Amino acid sequence: MTNVPADLKYAKSHEWVRVAGSTATIGITDHAQHELTDVVFVELPAVGRQVKAGEACAVVESVKTASDIYSPVSGEVIEVNKAVVDNPALVNTEPYGNGWFYKIKLSNPAELGSLQSPESYTAQIGARRAEALIATSGEGPSGIPTDQFKWPSASAPTSRQSEITRSNVSAA
Amino acid sequence: MLKHTALFEVHQKLGGKLVEFGGWEMPVQYTSIMDEHQAVRTAAGIFDISHMGEITVSGAAAEPFLNHVLTNDIRKLVPGEGQYTLLCNERGGAMDDLYAYCLSAQVYLLVVNASRTPADVAWLQRRASEFPQRADLQLTDASHNYSAVALQGPRAKEFVGNVVAGASNCAGRVARVTDLKKNQIGGFAFQGTNVLVSRTGYTGEDGFEIVGGDAAIQKIWDALLTAGQSRGIKPCGLGARDTLRTEMGYPLYGHELDENTTPIEAGLGFFVSFDKGDFIGCTVLAEQKNKGVAKKCIAFKMTEKSAPPRPQYPIWSTGANAKAIGQVVSGTQSPSLGIGIGMGYVPPEFAKPGAAIEIEIRGKRAAAVVVSKPIYKKPV
């Protein structure tokens, strides 16, 4: 089950946008953090930087991969989230809350119109993953992956039967 | 068309994230690399290593042949013992790193890297065909006969004997599987068939590697997960396998070792024997041992918070004449240390533990220090 809050807008590249007047907060979605798993490092843009929609402006790294974050909207970076630099795991545990990346003063609010709605983003990431969990509040359930390891049931018989016989491994 | 091990459906059922590795489709992780890594360091983890290759070498000429093609001295092994060793070309470059086990007089088992199995088999068959005593030598690529799992972690010994029970019946003779000493190998009966268990691993923790037929290994995988449940066992993928071995400073072929890198350059001279007579590559290796090398493998740890170091990132010297001196070959965020770690190659004058270096990470240089191996040292 992946969380797709109803009050946010979404980019195809898995960033979310929370609009408050002329400023927007940006982070990555529950789906994105679930794909990355353990985030170990976040590199944020400098305060004061001018970014254009679609421009790579941050990097999030897991053990195995480094992923660019593309700003969904244009404007000036007015605040960055130090908490996520000090504790990158927040991206996994609170992707829509304390795992936010940066705040931007919108230079072209009309861009918001070309972002995806929760429904459209949900469809993009696959209906079976989202399972109609669209929270009504901004801070949904925590983003801890729910695909937990399950204890195996009895294994099915297999047609690949080959054996080490005693003769292959001769007794001393 | 990627190859699948006999445990492939199990990986799918457990929700493993599947990736390509050496021509095989294998799980890189099931839950998270961090969790799986910590499970091995504190409790137990189980890895599917069925993709690795198994080559049997037997006959009266097996011992001299193996001493001719491998760097370590195979004569050190009595039945039931194994050793880490390398297969080198004429230039001393590593063809593979592997374990060689003496199962009985004149019967040896080589366990080789998955990505190198076809190259190793081809190389060994060519060398065997040229070997003077080739009439007394049999070489078989037995990889398709065998599956294998690695059970690793401090609690593995608490329950492995519940699954592989009883005394060994061939190779190393022990009353129970937990009596196997490090590097020892024994054959054990398991549900009407036989499996080989060695006290070996690639993680730095105590553990057991089990080789057997597909059906036996499938049952052993399930049985170990069940038996270890109360001790905190987790299935672990290649991601955790990589972070665990990097913390120990163990080489991974294709990174610390390749056909243009020798065991001496890689810091593995301990596994090269110069008093057993000639072997392929010995001239170059002896010269390197006596005269020195142009590049040396170092282990390093970041000394400031940074993005993880990764293969191919440049290594820099520090100070007034700072310059690029080498490259990272393995790098990751260490789950145990919480900081970036890795290995790389630099000229020998920069290879001293304690030397300050810098790793260039996406255009910015971050401070690091050369350390001795293992990079992660277990608290006593």
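Residues numbered from 1 in each chain as written. Chains lettered and ligands numbered in written order. Predicted model: local features only at pLDDT ≥ 70, side-chain atom pairs only at ≥ 80, totals over all residues.

Attention shifts here to the overall build of chain B. When its secondary structure is counted, chain B shows 8 helices and 20 strands. On C-alpha atoms alone, chain B measures out to a radius of gyration of 21 Å, which is about the 21 Å that the 2.2 N^0.38 rule sets for 380 residues. By principal-axis analysis of the C-alpha atoms, chain B measures approximately 70 × 55 × 45 Å. Here chain B, with 380 residues, has 55% of them falling under the buried criterion. At a minimum sequence separation of 6, the contacts of chain B that also span at least 24 residues come to 64%. (Helix = DSSP H or I, 4+ residues; strand = E, 2+ residues; numbered from the N terminus. Rg over C-alpha atoms; globule rule 2.2 N^0.38 Å. Buried ≥ 20, exposed ≤ 12 C-beta atoms within 10 Å, placed from the backbone. Contact = placed C-beta atoms within 7 Å.)

A few words on the nonpolar core. Ranked by internal contacts, the top residues of the largest apolar core, which has 151 residues, are Y108, V149, V197 and I210 of chain B. Residues contacting Y108 of chain B, with those up to four places away along its chain left out, are V57, S58, A62, L66, A100, Y101, C102 and L103 of chain B. (Core = buried A, V, L, I, M, F, W, Y, C linked by C-beta atoms within 7 Å.)

The next thing to look at is the sheet that holds strand β9 (residues 147–152) of chain B. Residues and elements named next belong to chain B. The mixed open sheet is built from 7 strands, whose spatial order is β10-β11-β12-β13-β9-β3-β14. Only two strands of the sheet have a single neighbouring strand rather than two, namely β10 (170–171) and β14 (233–235). With 6 bridges joining them, strand β11 (residues 185–190) and strand β12 (residues 193–198) adopt antiparallel strand pairing. The partner of G186 across the bridge, within β12, is V197. (Pairing = 2+ DSSP bridges.)

Backbone torsion omega between K373 of chain B and P374 of chain B reads 0 degrees, so that peptide bond is classified as cis. In this structure, P374 of chain B sits in the segment after β20 (364–371). Even without being glycine, T37 of chain A reaches a positive phi, approximately 50 degrees. Relative to the assigned elements, T37 of chain A resides in the loop between α1 (30–36) and β4 (39–43).

All names here are of chain B. Here the domain parsing of chain B yields domain 1 (8–50 + 146–246), domain 2 (53–144) and domain 3 (294–380). The centre of domain 1, based on its C-alpha atoms, is set 31 Å off from the matching centre of domain 3. Tallying the contact residues gives 8 residues for domain 1 and 8 residues for domain 3. Broken down by secondary-structure element, the contributors of at least two residues to the side of domain 1 that touches domain 3 are α2 (33–42) and α7 (238–248). By residue number, the principal contributor to the side of domain 1 that touches domain 3 is α2, which donates 4 residues. Of the residues belonging to the side of domain 1 that touches domain 3, the class tally is 1 nonpolar, 5 polar and 2 charged. (Domains from an automatic or database assignment. Nonpolar A, V, L, I, M, F, W, Y, C, P; charged D, E, K, R; others polar.)

Once that is clear, we can look at the pairing of strand β13 (residues 207–212) of chain B. Residues and elements named next belong to chain B. Counting buried positions along β13 gives 6 out of 6 residues, so the element sits mostly inside the fold. Of the two faces of β13, the one holding G207, E209 and V211 and the one holding F208, I210 and G212 are both buried throughout. Taken together, the 6 bridges between β9 and β13 define a ladder with antiparallel strand orientation. Each residue of the ladder has a partner; that of V149, found in β13, is I210. Where β12 and β13 come together, 3 bridges link them in antiparallel fashion. Looking at the pairing, S198 lines up with E209 of β13.

Let's shift gears to α7 of chain B. All names here are of chain B. Burial analysis of α7 places 9 of its 11 residues in the buried class, the great majority of the element. All of the buried residues along α7 are L238, G239, A240, R241, D242, T243, L244, T246 and E247. On its buried face, α7 sits against β1 (17–21), β2 (24–29), α2, β3 (44–48), β17 (324–333) and β18 (340–346). Just downstream of α7 lies G249, where phi reads positive at about 75 degrees.

Okay, helix α6 (residues 214–227) of chain B next. Its 14 residues place the ends of α6 of chain B 20 Å apart at the C-alpha level, agreeing with the 20 Å of an ideal helix rising 1.5 Å per residue. Looking at α6 of chain B, one finds that the buried residues are D214, A215, A216, I217, Q218, I220, W221, L224 and L225 of chain B. (Expected span 1.5 Å × (residues − 1).)

This part covers the packing of α2 of chain B against α7 of chain B. Residues and elements named next belong to chain B. Relative to each other, α2 and α7 sit at 55 degrees, their axes nearing to 8 Å. By the angle class used here, α2 and α7 are oblique. As α2 runs across α7, the sense of the crossing is right-handed. Counting all contacts with α2, which are made through I33, E36, H37 and V40, the residues of α7 involved are G239, A240, T243 and L244. Of the residues assigned to the contact of α2 with α7, the class counts are 4 nonpolar, 3 polar and 1 charged. (Axes fitted to C-alpha atoms, helices over the stretch in contact; angles between N-to-C directions. Parallel < 35°, antiparallel > 145°, perpendicular 65-115°, else oblique. Left-handed = near helix turned anticlockwise from the far one by under 90°.)

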